[in-house]
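What follows is each chain in one-letter form.
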Amino acid sequence: MKTKALITLLSDGQVHSGEALAGLLGVSRTAVWKQVRRAMDEGFKIETIRGRGYQLVSRVDLLDPDLILGGLAPELRARLALRVLDEVDSTNAEVLRQISKDGEGLPVSVADCQTAGRGRRGRSWISPRGENLYLSMGLTFHGGFAVLDGLSLVLGVAVANALEQLGASEIGLKWPNDVFLPHGKLGGILVELQGELQEGVVQVVAGIGINVHMSDLEGADQPWSSLATAFPGLEWSRNRIAGAIITAVVDAARLFSDQGFRDFREPWQKRDIFLGKQVEARGGEIKGTGSGIDENGNYLLRTEREVIPVRAGEISLRVTS
Ligand code: BTN
């Protein structure tokens, strides 16, 4: 975003004279006026108050690395390799690049917008500028790929916990890890494996997209929601949400590494949006009642004769009634 410095100065919502802005930005008053026009083209609503200056009247929630880091415990802050980007193809791709450069610290990327955001099953993830949270983290696990069973669900629980801590309620999870509100999908999680680096050491990229301010989305293929539309009484800051999610994911990954999936089963199940619903899997081959998950995170469908476990990553489930 070319006008970030200007928007930062105007973000207090006060009237600022062209002269003062020019001084602070180190440019001419004409250049300030041009930047104001450009910011308006980018979608910001700025009023020109005759004889006084400019006032930003639209919402602004700029990403700020200091604010994200400020929301973390000092020990976690110290070991984070945080990249906050104006624009990126995909934050998951960015974390993969961070990992391959073999930098120090826990790689985390957050971007204001993504030009090639990735969703599950090869879909794209629409990532409009400034509206939502696009966050990816690199996580390391020991014990080979087998230890990753259930990780997707663990991440869903971590994200739900973080959002609830910030005041959201009724966060549901759609197996394996879509984040839901009663009115529709609030966010999604894409887990990508980087492969085994040394024997038994696996790197995973956890990409998390949460709808924060978005109030319209062209071409959506399913009902969706956002934090600001569902909870208009709360002040939603992408920096705070990022901080809460980073903390929750790091804590959950540690517990999962130490103790496996066991402690996540109940917190996942209490948010199961399929529970008691008629659900089908494998394109209708199996139909049953949604009945929670087993100790490995497989989804359980109860038919008249048996309970069938559906493996994570294998097939998708959909509600039939
Ligand atoms: C889904 O399809 O539900 C998963 C969507 C995951 C989107 C997030 S946004 C941040 C990260 N970067 C990506 O390219 N995808 C994930």
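Thresholds, definitions, all that
Residues numbered from 1 in each chain as written. Predicted model: local features only at pLDDT ≥ 70, side-chain atom pairs only at ≥ 80, totals over all residues. Heavy atoms only, no water. UniProt positions renumbered as here; feature names shortened; annotations may be inferred. Phe/Tyr/Trp six-rings, centres within 6.5 Å; stacked < 30°, edge-to-face > 60°. Buried < 20%, exposed > 50% of the residue type's maximum accessible area, 1.4 Å probe, protein only. Helix = DSSP H or I, 4+ residues; strand = E, 2+ residues; numbered from the N terminus. Pairing = 2+ DSSP bridges. 1 Å grid on protein atoms, 1.4 Å probe; cavity = no way out; pocket = protein on both sides within 12 Å on 5 of 7 lines; lining within 4 Å. Points joined across faces, edges and corners; volume = space filled by probe spheres on them. Contact = heavy atoms within 4.5 Å. Near = heavy atom within 4 Å. Polar contact = N/O pair within 3.5 Å; in protein donor to acceptor, adjacent residues only side chain to side chain. Sits in = over half its atoms within 2 Å of the grid points.

- As named in an unreviewed UniProt entry, the chain is Bifunctional ligase/repressor BirA, taken from Marinobacter salinus.
- For the record of the chain, the UniProt heading Catalytic activity (unreviewed entry) holds the text "biotin + L-lysyl-[protein] + ATP = N(6)-biotinyl-L-lysyl-[protein] + AMP + diphosphate + H(+)".
- As stated in UniProt under Sequence similarities (unreviewed entry), the record for the chain gives "Belongs to the biotin--protein ligase family."

**Observations regarding the packing of aromatic side chains**
Point 1. For the coordinates displayed, the defined rule picks out five aromatic pairs.
Point 2. With a centroid separation of 6.2 Å and 55° between ring planes, the pair formed by Phe231 and Trp236 is classed as tilted. Just as Phe231 is buried, Trp236 falls in that class too.
Point 3. Ring geometry for Trp268 against Tyr299: centres 6.3 Å apart, planes inclined by 70°, an arrangement best described as edge-to-face. Of this pair, Trp268 sits in helix H10 (residues 265–269) while Tyr299 sits in strand E13 (residues 299–302); the two residues are 31 residues apart in sequence, bridging distant segments of the chain.
Point 4. Classification of Trp268 as buried rests on a relative accessible area of 0%.

**Digging into the UniProt feature "DNA-binding region" (unreviewed entry) in the chain**
Point 1. Under the present numbering, the feature "DNA-binding region" (unreviewed entry) in UniProt falls on residues 18–37.
Point 2. Taken end to end, residues 18–37 is 85% helix and 0% strand, and its first and last C-alpha atoms sit 13 Å apart.

**A look at the sheet that holds strand E11 (residues 278–281)**
To summarise the sheet geometry, strands pair through backbone hydrogen bonds and adopt either a parallel or an antiparallel arrangement.
Point 1. Ordered in space as E14-E13-E12-E11-E15, the five strands form an open sheet in which the pairing is antiparallel. Two strands in the sheet have a free side with no partner beyond their single neighbour: strand E14 (307–310) and strand E15 (318–319).
Point 2. The pairing of strand E12 (residues 286–293) with E13 spans three bridges and is antiparallel. Within E13, the position partnered with Gly290 by the bridge is Leu301.

**Quick notes on empty space enclosed by the protein**
The gaps of empty space that remain are located by a probe, the size of a water molecule, rolled over the atoms.
Point 1. Going through the model one piece at a time under the given rule, you end up with one cavity of 30 Å³ or more.
Point 2. Looking at the largest cavity, its volume works out to about 50 Å³.
Point 3. Lining the largest cavity are Met1, Lys4, Leu62, Leu63, Val84, Leu85, Asp86 and Asp112.
Point 4. Among the elements that make up the lining of the largest cavity, the one with the highest residue count is strand E4 (residues 80–88) (three residues).

**What to know about the layout of surface pockets**
Point 1. When its volume is computed, the largest pocket comes out at roughly 860 Å³.
Point 2. Surrounding the largest pocket, 45 residues form its lining, Arg123, Trp125, Lys185, Asp221 and Gln222 being those nearest its centre.
Point 3. Among the elements of the structure, helix H6 (91–100), strand E6 (133–142), strand E9 (184–196), strand E10 (201–210) and E11 are those that each provide at least two residues to the lining of the largest pocket.
Point 4. Examining the composition of the lining of the largest pocket, we find that five residues originate from one element, E9, more than from any other.

**Some thoughts on the environment of Gly71**
Point 1. Within the secondary structure layout, Gly71 lies in the loop between helix H4 (65–70) and helix H5 (74–78).
Point 2. Given a relative accessible area of 51%, Gly71 falls into the exposed group.
Point 3. Along the sequence, Gly71 and Val147 sit 76 residues apart, while their C-alpha atoms lie 30 Å from each other.

**A few points about the environment of Gln14**
Point 1. The residue Gln14 is located in the loop between helix H1 (4–10) and strand E1 (15–16) in this model.
Point 2. With 42 residues separating them in the primary sequence, Gln14 and Leu56 have C-alpha atoms 7.4 Å apart.
Point 3. In contact with Gln14, other than residues within four places in its own chain, are Tyr54 and Gln55.

**Some thoughts on the site of the ligand**
Point 1. By nearness alone, 20 residues border the ligand, and Ser90, Gln114, Arg118, Arg120 and Lys185 come closest of all.
Point 2. Within the backbone of Arg118, an N or O atom sits 2.7 Å from an oxygen atom of the ligand.
Point 3. Contacts to the ligand include Arg120, whose backbone N or O atom sits 2.7 Å from an oxygen atom.
Point 4. With respect to the pocket detection grid, the ligand is positioned in the largest pocket.
Point 5. If you list the elements that add at least two residues to the shell around the ligand, you get H6, E6, E9 and E10.

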